[in-house]
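Structural characterization, general
Each chain, written out:
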Amino acid sequence: MVDATIRGMSLEEKIGQLFINHNNDYSPEYLDGVLENYHVGGMRYRPGPSAAVQQHIRYAQSKTRIPLLVASNPEMGGAGSCDDGTFVSTHLQAGSHPDKSIARKMGQVAGVETAALGCNWAFAPIVDIHYNWRNTVISTRAFGNTPEIVVERAKEYFDGISESATVCAIKHFPGDGVDERDQHVVTSYNTLGYAEWNSSYGHVYREMIGHGIQSIMVGHIGAPELTRHFRPGTEDRDILPATLAPELLQDLLRGELGFNGLILTDASQMVGLTQAKKRKDLVPTTIAAGCDMFLFFRNPAEDFQYMLDGYKSGVVSDQRLHDALRRILGLKASLGLHKKLPEELTPSPEALRLIGSEAHLAVAAEIADKTVTLIKDTAGNLPITPETHKRIRLYGISGGSDFTRADPLAYLDTVKEELEIAGFEVHLFKTAEQREAAGESGVNFMTVISDEATGDYAEKYDAAFVFANVKGFAQEAAIRIKWSSPMAAEIPWYVTEVPTVFVSLNQPNHLIDVPMVKTAINAHAGTREAIRATIQKIQGKSEFQGTFNENVFCDSFDTRL
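Residues numbered from 1 in each chain as written. Predicted model: local features only at pLDDT ≥ 70, side-chain atom pairs only at ≥ 80, totals over all residues. Heavy atoms only, no water.

1. Comments concerning the overall build of the chain
Assigned secondary structure in the chain consists of 21 helices and 16 strands. For a compact globule of 561 residues, the expected C-alpha radius of gyration is about 24 Å, and the chain comes in at 25 Å, within 12% of that figure. When its C-alpha atoms are laid out on the principal axes, the chain stretches across 80 × 60 × 50 Å. Counting all 561 residues of the chain, 58% fall into the buried class. By sequence separation, contacts in the chain at least 24 residues apart represent 76% of the contacts at least 6 residues apart. Approximately 21,300 Å² of the chain is accessible, and the part contributed by carbon and sulfur atoms is 50%. Of the charged side chains in the chain, 53 are positive and 71 negative; the average position of the first set lies 4 Å away from that of the second. (Helix = DSSP H or I, 4+ residues; strand = E, 2+ residues; numbered from the N terminus. Rg over C-alpha atoms; globule rule 2.2 N^0.38 Å. Buried < 20%, exposed > 50% of the residue type's maximum accessible area, 1.4 Å probe, protein only. Contact = heavy atoms within 4.5 Å. Areas by Shrake-Rupley, 256 points an atom, 1.4 Å probe, with all protein chains shown as cover. Lys, Arg positive; Asp, Glu negative; His and termini not counted. Charge placed at Lys NZ, Arg CZ, Asp CG, Glu CD.)

So this is what it looks like as structure tokens:
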């Protein structure tokens with residue numbers, strides 16, 4: 001099938017197979033243009049309601065001569081693949097309990113829900129190692145900070161998702177988690193020496209390749225010492241991200257690690273790649289270096305032409321092009337796509353009943369109960385109940401709105417509701433900006449500080465809860481708490497006044513910015529299931545079972561106090 005398909009393809013169709021399109025539009029006209037003009041080999045799409053996503057995929061498969069690889073990012077279960085998918089667990093959460101089957105359940109739900117949409121390719125699991133606590137690209141997206149936990153949980157996730165008709169792309173070779181920066185905005189580097197890399201990241205990749213992983217996503221991550229191992233004397237200025245480095249893709253990944261599956265780039269608009277070369281050069285150079293597929297056009301007409309020109313000029317050899325095509329079509333054949341009629345490539349609308357189902361939400365609730373983690377309670381503040389501490393001052397920290405344009409503090413509605421259901425009387429703090437938006441006049445950050453930090457604080461409130469849901473992923477080189485103003489009234493100055501509980505719904509490294517809090521909890525997720533489980537545990541109605549690693553203390557003594 002593979003060889004016969006290649007023989008029957010035009011040059012333009014061959015070039016098109018190298019691309020994975022990012023579908024920014026659900027309209028048939030948009031898809032017609034992408035498929036007719038660029039003949040893409042795969043696609044990812046902007047998440048939306050499951051019914052719309054499934055119909056979008058169904059139309060795409062009906063209009064393409066060669067079946068598509070349809071990818072999604074099911075790193076947390078069905079969430080991320082469609083708006084109504086089930087958030088089961090983050091990778092860190094799945095590594096924060098002795099029960100390794102948590103990762104398998106996350107993979108199982110991910111597989112069932114994404115297959116119901118018509119997806120067949122998962123850009124997961126993530127096999128990076130979170131060595132540097134300052135690294136926030138993968139702080140919640142790595143299973144842990146040792147090769148052993150990463151290998152164990154990644155295999156479980158892979159086995160779970162493989163129960164559905166899905167292949168996986170592990171990421172991000174040669175390994176994130178050493179540098180603190182985010183390659184969405186800058187090239188980052190894995191600076192480990194050859195021997196140290198081999199015993200850590202190399203061990204992970206050998207294990208996963210041996211376990212049957214079908215594809216590997218390459219990060220825009222340079223590896224100076226690995227490059228110099230294969231290319232002695234390489235100057236600093238000549239160190240390239242792995243997506244452009246044949247010594248890392250061919251000598252190391254194909255050669256020493258023996259990987260014979262498909263290699264794809266990470267998103268090509270990421271500045272970790274785009275700052276390395278001119279676009280017209282980097283597009284074909286990724287394929288020439290050893291990648292088989294190119295993730296996302298920046299400008300479809302330009303990038304397609306750059307790849308075509310690169311082939312015609314010899315940057316991409318005929319052998320390299322056909323080697324890539326064999327792996328692309330081979331991956332499709334392994335899924336049996338060539339044996340199905342177009343209408344069989346996407347499930348019926350009936351399959352959508354599995355997405356966000358009660359059974360999957362029950363899995364999420366069970367995992368939340370197991371993984372909510374008490375980092376410290378050095379002042380013995382817990383338990384806190386409505387009977388002992390009725391009046392709660394509730395603070396929310398979000399870091400502000402991000403590219404999703406969603407309300408960054410919407411989670412506080414769920415927190416407040418769950419606290420009130422538990423019987424607490426909740427007093428929600430509002431910043432100066434929020435008060436002005438509500439119509440108050442004469443408000444500024446100094447007046448808020450003056451109003452909030454009064455001597456009768458402990459007479460008004462019995463305890464303070466701070467729920468942080470700080471993201472910023474892909475927009476900042478590093479993520480820290482950003483308060484609403486200088487000396488902000490929500491900063492936990494009140495720890496000396498009332499028992500204070502700090503809960504993170506996302507990042508595990510917040511103690512570096514709130515070392516004064518004596519009770520810190522990592523709930524891992526802003527879902528209702530995680531918030532409810534946390535409030536149950538704060539009250540002592542359920543035991544904390546989650547575990548944590550030393551990264552949470554951020555290499556500082558005061559975070560432990």
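2. Digging into the packing of aromatic side chains
Applying the stated criterion across every chain, the model contains 18 aromatic pairs. A ring pair is formed by Trp121 and Phe123, whose centres lie 5.1 Å apart and whose planes are at 80°; its orientation type is edge-to-face. The two residues Trp121 and Phe123 agree in class, both being buried. Each residue in the set Tyr395, Phe429, Tyr457, Tyr461, Trp493 and Tyr494 is aromatic and connected to the rest through ring pairs, giving one cluster. (Phe/Tyr/Trp six-rings, centres within 6.5 Å; stacked < 30°, edge-to-face > 60°.)

3. Quick notes on the packing of helix H16 (residues 358–371) against helix H21 (residues 528–538)
Contact pair H16 / H21: the axes reach a minimum separation of 9 Å and the direction vectors enclose 35°. For the pair H16 and H21, the sense of crossing is right-handed. The segment H16 lies against H21, with Leu361, Ala364, Ala365, Ala368 and Asp369 engaging Glu529, Ala530, Ala533 and Lys537. Residue classes in the contact of H16 with H21 are distributed as 6 nonpolar, no polar and 3 charged. (Axes fitted to C-alpha atoms, helices over the stretch in contact; angles between N-to-C directions. Left-handed = near helix turned anticlockwise from the far one by under 90°. Nonpolar A, V, L, I, M, F, W, Y, C, P; charged D, E, K, R; others polar.)

4. So, the environment of Tyr157
Residue position: Tyr157 is located in helix H7 (residues 147–161). For Tyr157 and His91, which are 66 residues apart along the polypeptide, the C-alpha to C-alpha distance reads 9.5 Å. In contact with Tyr157, not counting residues within four places along its chain, are Pro74, Ala103, Arg104, Met106, Gly107, Ala110, Ala124, Pro125 and Phe143. A distance of 2.7 Å separates a polar atom in the side chain of Tyr157 from the backbone oxygen of Pro74. (Polar contact = N/O pair within 3.5 Å; in protein donor to acceptor, adjacent residues only side chain to side chain.)

5. Some thoughts on H21
Taken together, the buried positions of H21 are Ala530, Ile531, Ala533, Thr534, Ile535, Lys537 and Ile538. Count one or two residues on from H21 and you reach Gly540, which has phi positive near 80°.

6. Concerning the pattern of salt bridges
Taken as a whole, this structure holds 33 salt bridges when the rule is applied. Across the pair Lys100 and Glu156 runs a salt bridge whose closest N-O atoms are separated by 3.9 Å. Here Glu156 lies in helix H7 and Lys100 lies in the loop between helix H5 (91–94) and helix H6 (101–117), a separation of 56 residues in the sequence. Taking the relative accessible area as the measure of exposure, Glu156 reaches 9% and is therefore buried. Ionic pairing is found between Glu418 and Arg528, a salt bridge with its closest N-O pair at 2.7 Å. Residue Glu418 is found in helix H17 (residues 411–422), and its partner Arg528 is found in helix H21; the two are separated by 110 residues along the sequence. The buried category is assigned to Glu418, whose relative accessible area is 6%. Exposure remark for Arg528: the relative accessible area of 31% places this residue in the partly exposed category. Among the charged side chains, a salt-bridge network with shared partners connects Lys100, Arg104, Glu156, Asp159 and Glu163. (Salt bridge = Lys/Arg side-chain N within 4 Å of Asp/Glu carboxyl O.)

7. Notes on a nonpolar patch on the surface
A cluster of nonpolar side chains, namely Phe445, Met446 and Met487, defines an oily patch on the protein surface of about 310 Å² accessible area. The residue Met446 is located in helix H19 (residues 445–452) in this model. Look at Met446 and you get partly exposed, because its relative accessible area is 46%. (Patch = residues over 30% accessible without salt bridge, like charges linked within 9 Å, V, L, I, M, F, W, Y side chains within 5 Å.)

8. Brief notes about the environment of Trp197
Within the secondary structure, Trp197 sits in helix H8 (residues 194–199). C-alpha of Trp197 to C-alpha of Pro174: the two residues are 23 residues apart in sequence and 8.9 Å apart in space. Not counting residues within four places of it along the chain, the set of residues in contact with Trp197 comprises Phe173, Pro174, Asn190, Leu192, Gly202, His203, Leu226, Leu252 and Leu257. A polar contact is formed between the side chain of Trp197 and the backbone oxygen of Pro174, at a distance of 2.8 Å.

9. Description of the nonpolar core
In terms of nonpolar packing, the biggest core is built from 62 residues, with Phe19, Leu117, Trp121 and Leu264 touching the most fellow members. No other element matches helix H15 (residues 318–334), which puts 6 residues into this core. When sequence neighbours within four positions are dropped, the list of residues in contact with Leu117 reads Tyr45, Ser50, Val53, Gln54, Ile57, Ser81, Cys82, Thr346, Pro347, Leu352 and Ile355. Of all hydrophobic cores here, the second largest spans 49 residues; its members include Ile129, Phe158, Ile209 and Phe230. (Core = buried A, V, L, I, M, F, W, Y, C linked by side-chain atoms within 4.5 Å.)

10. As for the layout of surface pockets
By volume, the second largest pocket amounts to about 550 Å³. Taken together, 25 residues make up the lining of the second largest pocket; nearest its centre are Leu409, Thr431, Glu433, Gln434 and Ser484. Residue assignment for the lining of the second largest pocket shows that the elements contributing at least two residues are strand E12 (391–397), H17 and helix H18 (432–437). If one sorts the elements of the lining of the second largest pocket by residue count, H18 sits on top with 3 residues. Tallied by class, residues from the lining of the second largest pocket come to 10 nonpolar, 9 polar and 6 charged. (1 Å grid on protein atoms, 1.4 Å probe; cavity = no way out; pocket = protein on both sides within 12 Å on 5 of 7 lines; lining within 4 Å. Points joined across faces, edges and corners; volume = space filled by probe spheres on them.)

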